[in-house]
Amino acid sequence: MNPPRLVVSFILFAAPALPTPDRRMVAADFAVQQKPDRVVITDGGRPVATYVFRDDKILRPYFASVHAPGGIQVTRNHPPVPNVDATDHDTMHPGVWLAFGALSGQDFWRNKARIVHVRFVELPAVRAGQITFTAENSLQAANGGEVCKQTSRLTLAARPAGYLLIWEATFRPEQRDMVFGDQEEMGLGIRVATPIAVKQGGTILDALGRRNEREVWGNSADWCDYSGTITGRHAGITTMCDPRNFRPSWLHARDYGALVANPFGQQAFRKGPASKVVVKPGESFRLRYGVLLHAGPKDAAPDLKAAYADFLSRL
């Protein structure tokens with residue numbers, strides 16, 4: 001029996017000042033600069049994000065220094081700045097990432113196994129007003145053996161609700177079964193900017209109105225927002241789950257600033273027996289998520305229901 005199809009897309013919406021998105025296209029002056037270990041993305045000269053694909057300490061690709069429009073950084077400083085940021089998990093929580101603490105017995109979350117950048121199948125470039133690139137990765141066990149191949153296609157577009165980054169990851173084992181296990185640390189991870197952590201006055205809010213770690217942790221929802229005030233403006237990040245994923249994602253939401261959308265941790269989140277998702281050689285497995293990066297006036301939070309509908313319109 002084929003494994004369930006799971007599509008991962010990161011969709012980063014960086015919201016303009018309007019509290020409610022409309023459907024008109026928004027122009028952006030995107031540019032990319034490719035370096036030996038990273039891709040630097042800007043809009044009109046302002047930073048948007050850095051996609052790091054080679055790092056001696058963090059053994060997997062990730063996005064660091066992620067910004068909403070207007071240059072507001074909504075992920076924690078990387079590396080964290082002492083006496084400014086909490087410095088915990090500095091090599092595990094770089095910004096926005098996709099990793100798995102239990103995949104075929106290997107730990108790609110805690111940098112005990114590595115996701116190796118092999119090549120860009122499609123080079124980073126601005127095409128039709130948006131940034132696109134496709135990366136081929138090799139997921140390698142601690143002993144160097146390959147667990148599977150991963151192809152990630154990434155697209156960054158300007159949308160009325162903000163920057164839309166789509167990260168679609170497809171996993172293909174070639175030699176033996178790959179098995180997604182059951183842990184809290186599995187899936188799409190985000191570490192938010194220090195000022196918007198709940199412990200600093202920020203708020204976690206999911207699609208069903210639950211708030212903060214006590215109510216949100218371990219539950220599933222179509223979307224979950226983590227936001228607060230940065231330099232006098234309302235800013236934050238919203239994870240959005242693709243309904244075509246093989247099951248809803250549970251939320252590993254923490255008041256200290258971490259948010260993980262995890263469809264694998266059934267036992268970890270006390271929702272049933274241990275999950276075991278098997279993908280056989282020759283089969284493929286995909287994941288898809290969205291992430292809304294938003295910033296606007298202090299008292300004007302975005303219409304997250306409308307933003308999620310906009311996400312669904314791009315499936």
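Residues numbered from 1 in each chain as written. Predicted model: local features only at pLDDT ≥ 70, side-chain atom pairs only at ≥ 80, totals over all residues. Heavy atoms only, no water.

**Points about the packing of aromatic side chains**
For the structure shown, the criterion picks out 21 aromatic pairs. Ring centres of Phe100 and Phe171 lie 5.7 Å apart, and the angle between their planes is 80°; this geometry places the pair in the edge-to-face category. Within this pair, whereas Phe100 is found in strand 8 (residues 96–100), its partner Phe171 is found in strand 12 (residues 162–172), the two being separated by 71 residues in sequence. According to the relative accessible area criterion, Phe171 is buried, its value standing at 0%. Members of the aromatic cluster, each reached through a chain of ring pairs, are Tyr51, Phe53, Phe63, Phe120, Phe133 and Trp167. Over the aromatic face of Trp109 sits the side chain of Arg60, whose NZ or CZ is 6.0 Å from the ring centroid. (Phe/Tyr/Trp six-rings, centres within 6.5 Å; stacked < 30°, edge-to-face > 60°. Helix = DSSP H or I, 4+ residues; strand = E, 2+ residues; numbered from the N terminus. Buried < 20%, exposed > 50% of the residue type's maximum accessible area, 1.4 Å probe, protein only. Lys NZ or Arg CZ within 6 Å of the ring centre and 35° of its normal.)

**Remarks on the pairing of strand 8**
For strand 8, a buried count of 5 out of 5 residues is recorded, marking the element as mostly surrounded by other parts of the structure. Residues Val96, Leu98 and Phe100 point to one face of strand 8 and Trp97 and Ala99 to the other, with burial holding for every one of them. For strand 5 (residues 62–64) and strand 8, the ladder comprises 2 bridges, and the chain directions are antiparallel. From the neighbouring strand, Phe63 faces strand 8, where its bridge partner is Val96. Where strand 8 and strand 14 (residues 186–191) come together, 5 bridges link them in antiparallel fashion. Looking at the pairing, Phe100 lines up with Met186 of strand 14. (Pairing = 2+ DSSP bridges.)

**A look at the pattern of salt bridges**
The tally for this structure, following the rule as stated, stands at 18 salt bridges. A cluster of three or more residues bridged by salt bridges with shared partners is formed by Glu168, Asp242, Arg244, Arg286 and Arg288. (Salt bridge = Lys/Arg side-chain N within 4 Å of Asp/Glu carboxyl O.)

**Focus on the confidence of the model for the protein chain**
Interpreting fine coordinate detail is not advised for predicted regions of low pLDDT. Put simply, the protein chain has an average pLDDT of 90, and 92% of its residues get 70 or more. Contacts from residues 1–25, a stretch scored under 50 in pLDDT, to residues over four places away or in other chains number 125 contacts. (pLDDT = per-residue confidence, 0-100. Contact = heavy atoms within 4.5 Å.)

**Let's talk about the environment of Pro47**
With respect to the helices and strands, the residue Pro47 is situated in strand 4 (residues 46–52). With relative accessibility at 41%, the residue Pro47 sits in the partly exposed group. When the C-alpha positions of Pro47 and Arg76 are compared, they lie 15 Å apart, and in sequence the two are 29 residues distant. Excluding anything up to four places from it in sequence, Pro47 contacts Ile41, Thr42 and His67.

**Quick look at the sheet that holds strand 10 (residues 130–140)**
Pairing within the open sheet is antiparallel, and its 5 strands lie in the order 9-10-11-12-21. At either margin of the open sheet sits one strand with a lone partner, and together these are strand 9 (114–127) and strand 21 (285–287). Averaged over neighbouring strand pairs, the angle between their axes works out to 15° when direction is ignored. Looking at chain direction, strand 12 and strand 21 are connected through 3 bridges and run antiparallel. Along strand 21, the bridge assignment pairs Ala169 with Leu287. (Axes fitted to C-alpha atoms, helices over the stretch in contact; angles between N-to-C directions.)

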